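Architecture at a glance
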Amino acid sequence: MPVQIRRPDRRECERCGRIEEWSDEADAWRLADGPGDVYCIHEWDINGTFLPIEGTDE
Ligand SMILES: [Zn+2]
């Protein structure tokens, strides 16, 4: 089994449905599907619980 890298490459706003994808080249999020609500304070579905790498023992 390869090391499970849990870096998200996609995130969706739970409020307005805006979807963004991670660009390695730009090192930034990019809009993937519709701008959503520009006035929305986006509530990304990966907030809070994200861990960069799974299975570290330290
Ligand atoms: Zn939003």
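One can find the structure itself at the top, above this paragraph.
Throughout what follows, the structure given in this document is the object of discussion.

Analysis parameters
Residues numbered from 1 in each chain as written. Predicted model: local features only at pLDDT ≥ 70, side-chain atom pairs only at ≥ 80, totals over all residues. Heavy atoms only, no water. Donors = N, O, S within 2.8 Å, 3.2 Å for Na, K, Ca; no water. Tetrahedral: all angles 85-135°; square planar, octahedral: opposite > 155°, others 65-115°. Helix = DSSP H or I, 4+ residues; strand = E, 2+ residues; numbered from the N terminus. Buried < 20%, exposed > 50% of the residue type's maximum accessible area, 1.4 Å probe, protein only. Pairing = 2+ DSSP bridges. Salt bridge = Lys/Arg side-chain N within 4 Å of Asp/Glu carboxyl O.

Moving on, we get to the coordination of the zinc ion. Protein coordination at the zinc ion comes from Cys13 (SG), Cys16 (SG), Cys40 (SG) and His42 (ND1), with a distance range of 2.1 to 2.4 Å. Its four donor atoms give the zinc ion angles of 106 to 113° at the centre, a pattern that matches the tetrahedral case. Written as a sequence motif, the donor arrangement for the zinc ion is C-x2-C-x23-C-x1-H. A residue pair is termed long-range when its members are at least 10 positions apart, and Cys13 in the loop between β1 (10–12) and β2 (19–23) and Cys40 in the segment after β3 (28–33) qualify at 27 residues. The class for Cys13 is buried, based on a relative accessible area of 3%.

Alignment of β2 against β3, held across five bridges, turns out to be antiparallel. Each bridged residue has a counterpart across the sheet, and for Glu20 the counterpart in β3 is Leu31. The hairpin formed by β2 and β3 contains four residues between the paired strands, and Asp27 there has a positive phi angle of roughly 55°.

According to the stated counting rule, one finds four salt bridges in the structure shown. Glu21 is the partner of Arg10 in a salt bridge, and the nearest nitrogen-oxygen pair spans 2.9 Å. Within this pair, whereas Arg10 is found in strand β1, its partner Glu21 is found in strand β2, the two being separated by 11 residues in sequence. Among the residues examined, Arg10 registers a relative accessible area of 42% and is labelled partly exposed.

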